[in-house]
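For reference, the chains in residue letters:
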Amino acid sequence: MSAGEAMVALDRLNKYFGAERAVNDVTLSVAPGEFVTLLGPSGCGKTTTLRCIAGLERPDGGDIRIGRQTVASASQGVYLNPEDRNIGMVFQSYAVWPHMTVFENVAYGLRVRRAPGHVIKQRTMRALELVGLAQLAERYATKLSGGQRQRVALARAIVYEPKVVLFDEPLSNLDAKLREQMRVELVRLQREVGITSIYVTHDQSEALVMSDRVVVMNKGVIQQIGDPQAIYARPANAFVASFIGVANLMQGTLIGRSGELCEMEIPLGEGRSPLRVSAVGGEGAAMGQTVILSVRPEDILVHLKAPETAVGNLTEGQVIDTVYLGNFLECRVRAGTHELGVQIDHFENLQPGQKVHLSFKPEHGLCLTG
Ligand SMILES: Nc1ncnc2c1ncn2[C@@H]1O[C@H](COP(=O)(O)OP(=O)(O)OP(=O)(O)O)[C@@H](O)[C@H]1O
Ligand SMILES: [Mg+2]
């Protein structure tokens, strides 16, 4: 393969279940060694996409290429079986065989493929070393912790030295602490072995921490593809903005543009003049078009008195309540018809009903068109 060539390429992939379009024109290219995550709410088509790549579902439209080989093409009638695709898989339910040792669990796939004994031994031990289980090779799988079992599943997926490993929520059965630890270990292992990885999760922090690139999906359709920073800082639409982290979303109208910034007018309801804000984004939007302002809670400042110097966008509000969250305070503020979430790290004594001023910089406001 030459540089720049994809290891996995999906071209307008479609999969229907009856009338439901579970995967809707998904086009995606994954580079060799890349860690790409499919992220989205339950039922958005993540598993179905992965199963199409694995050869466990037959696409109704589009092509799938792995390396240089077309492994599925609806138009050409090509469909390779899973075992002919050189892919490893790790699923949520890490079914390890209880009547076998750790070694035998991992070696099993090589045995059924009739690999010679010395190859089986060498590859199995290498896989176990990579996942940190070499010491436990002779232990029965029933006598392992959840995290250790998950590592057996991982070793089983990489023992064939596949080009690509597919992961479907592999950590979701683990407790929170172990899950975080395994995230780090999995990424380290992935980097070390250089395996191209396609990972599925509905957990946004997992996706942001682990991935080179994140593919956000909703209802079978890709909403955005980007690196974690881009997905967080520049969500492509209101769905991505609210699914990744927390965002305050307010509908308004585009009324002007100057340089990088666009001017928006946000109605605040009866008795309040509309809020005028400057924000970034809004590319392609026409004057007078309905747009959505997105501002993250951590980007809004709370002032007890009206600020005397320029602070960017400014509005008045009334404290609804505050919640203490350990390292910061989360405050809900009513501004006209809107309820805004604000994150505060300095501990003002804010009382419900208290009048406050809210500000955010233009570069922290994002104008979205859908
Ligand atoms: N075998 C099937 N038969 C019929 N419908 C299916 C089948 N598999 C999935 N679906 C439907 O296709 C859609 C996508 O399902 P999929 O399992 O890909 O979602 P997902 O993103 O993996 O969700 P989750 O986060 O809950 O695992 C859902 O509406 C689901 O009900
Ligand atoms: Mg799923």
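Since the model is a prediction, treat every value here as computed from it, not as a measurement.

1. Section: the site of ligand 1
Inspection of the region around ligand 1 gives Phe 17, Glu 20, Ala 22, Pro 41, Ser 42, Gly 43, Cys 44, Gly 45, Lys 46, Thr 47, Thr 48 and Glu 169 as its neighbouring residues. Within the side chain of Thr 48, an N or O atom sits 2.5 Å from an oxygen atom of ligand 1. Mapped by element, the contributors of at least two residues to the shell around ligand 1 are β2 (20-30) and α1 (46-54). Counting residues per element, the shell around ligand 1 draws most heavily on α1, at three residues.

2. Some points on unusual backbone geometry
Of note, Glu 169 is a non-glycine position whose phi angle comes to about 45 degrees, a positive value. The topology assignment puts Glu 169 in the loop between β8 (164-168) and α5 (176-193). Residue classification places Glu 169 among the buried residues on the basis of a relative accessible area of 11%. Of note, the phi angle at Lys 219 is positive, near 50 degrees, even though the residue is not glycine.

3. Side note on the pattern of salt bridges
Across all of its chains, the model carries 19 salt bridges by this definition. We note a salt bridge from Arg 111 to Glu 104, for which the minimum N-O separation is 2.7 Å. For Arg 191, the salt bridge identified is with Asp 212, shortest N-O distance 3.1 Å. Of this pair, Arg 191 sits in helix α5 while Asp 212 is found in the loop between α6 (204-210) and β10 (213-218), placing the two residues 21 residues apart along the sequence. Here Asp 212 falls in the partly exposed class, since its relative accessible area comes to 27%. Where salt bridges share partners, they join Asp 321, Arg 332, Arg 334 and Glu 339 into one cluster.

4. Description of the packing of aromatic side chains
Geometry of an aromatic ring pair is reported as the spacing of the ring centres plus the angle between the planes. Scanning the entire structure with this criterion turns up four aromatic pairs. Aromatic side chains Trp 97 and Tyr 108 sit 4.6 Å apart centroid to centroid with 55 degrees between the ring planes, which places their arrangement in the tilted category. Note that Trp 97 is positioned in the loop between β7 (87-90) and α2 (102-112) and Tyr 108 in helix α2, a separation of eleven residues in sequence. Tyr 108 gets classed as partly exposed once you look at its relative accessible area, which sits at 36%. Taking the centre distance of 5.6 Å and the plane angle of 40 degrees together, the rings of Phe 167 and Tyr 199 count as tilted. With a gap of 32 residues between them, Phe 167 in strand β8 and Tyr 199 in strand β9 (residues 196-201) connect regions that are remote in the sequence. Given the relative accessible area of 4%, Phe 167 is considered buried. A cation sits over an aromatic face here: Arg 296 above Tyr 232, 4.0 Å from the ring centre.

5. Structural notes on the side chain of Asn 237
Mapping Asn 237 onto the fold places it in the loop between α7 (228-233) and α8 (238-243). On the basis of relative accessibility, which here comes to 13%, the residue Asn 237 falls in the buried class. In terms of polar contacts, Asn 237 uses its side chain to reach the side chain of Gln 223, at 3.1 Å. Apart from the residues lying within four places of it in its own chain, the contact partners of Asn 237 are Gln 223, Leu 368 and Gly 370.

6. Thoughts on a nonpolar patch on the surface
A surface patch of nonpolar side chains, about 270 Å² in accessible area, is lined by Trp 97, Tyr 108 and Val 112. Relative accessible area serves as the criterion here: at 31%, Trp 97 is assigned to the partly exposed category.

7. Considerations on the domain arrangement of the chain
Partitioning the chain into domains gives domain 1 (8-240) and domain 2 (249-368). The centre of domain 1, based on its C-alpha atoms, is set 40 Å off from the matching centre of domain 2. In this complex, domain 1 contributes eight residues to the contact, which on the side of domain 2 involves nine residues. Carbon and sulfur atoms supply 53% of the area buried between domain 1 and domain 2, which totals about 620 Å² over both sides. For the domain 1 face of the interface with domain 2, the top three residues by lost area are Tyr 232, Arg 234 and Ala 238, together amounting to 73%.

8. Let's talk about the pairing of strand β3 (residues 35-39)
Within a regular beta strand, the side chains point alternately toward one face of the sheet and then the other, so they alternate between its two faces. Burial within β3 is extensive, with five of its five residues counted as buried. Residues of β3 alternate between two faces, with Phe 35, Thr 37 and Leu 39 on one and Val 36 and Leu 38 on the opposite face, all of them buried. Where β3 lies against β9, five bridges are found, and the strand directions are parallel. Its bridge partner lying in β9, Thr 37 is registered against Tyr 199. Sheet analysis places β3 next to β10, joined by four bridges and oriented parallel. The residue bridging Val 36 from the neighbouring strand is Arg 213, located in β10.

9. Some remarks on the nonpolar core
Inside soluble globular proteins, nonpolar side chains tend to come together where they are buried. Grouped together as the largest cluster of nonpolar side chains are 37 residues, with contacts concentrated most on Leu 128, Ile 158 and Leu 186. For this core, the secondary-structure elements that each account for two or more residues are α2, α3 (117-130), α4 (146-158), β8 and α5. With six residues, α4 is the single largest residue contributor to this core. Here Leu 128 is in contact with Val 102, Phe 103, Val 106, Leu 133, Ala 134, Ala 137 and Ala 155, once residues within four sequence places are set aside. Grouped together as the second largest cluster of nonpolar side chains are 28 residues, Ile 266, Leu 268, Ile 300 and Leu 350 included.

Scoring rules and cut-offs
Residues numbered from 1 in each chain as written. Chains lettered and ligands numbered in written order. Predicted model: local features only at pLDDT ≥ 70, side-chain atom pairs only at ≥ 80, totals over all residues. Heavy atoms only, no water. Near = heavy atom within 4 Å. Polar contact = N/O pair within 3.5 Å; in protein donor to acceptor, adjacent residues only side chain to side chain. Helix = DSSP H or I, 4+ residues; strand = E, 2+ residues; numbered from the N terminus. Buried < 20%, exposed > 50% of the residue type's maximum accessible area, 1.4 Å probe, protein only. Salt bridge = Lys/Arg side-chain N within 4 Å of Asp/Glu carboxyl O. Phe/Tyr/Trp six-rings, centres within 6.5 Å; stacked < 30°, edge-to-face > 60°. Lys NZ or Arg CZ within 6 Å of the ring centre and 35° of its normal. Contact = heavy atoms within 4.5 Å. Patch = residues over 30% accessible without salt bridge, like charges linked within 9 Å, V, L, I, M, F, W, Y side chains within 5 Å. Areas by Shrake-Rupley, 256 points an atom, 1.4 Å probe, with all protein chains shown as cover. Domains from an automatic or database assignment. Buried area = accessible area lost by both parts, 1.4 Å probe. Pairing = 2+ DSSP bridges. Core = buried A, V, L, I, M, F, W, Y, C linked by side-chain atoms within 4.5 Å.

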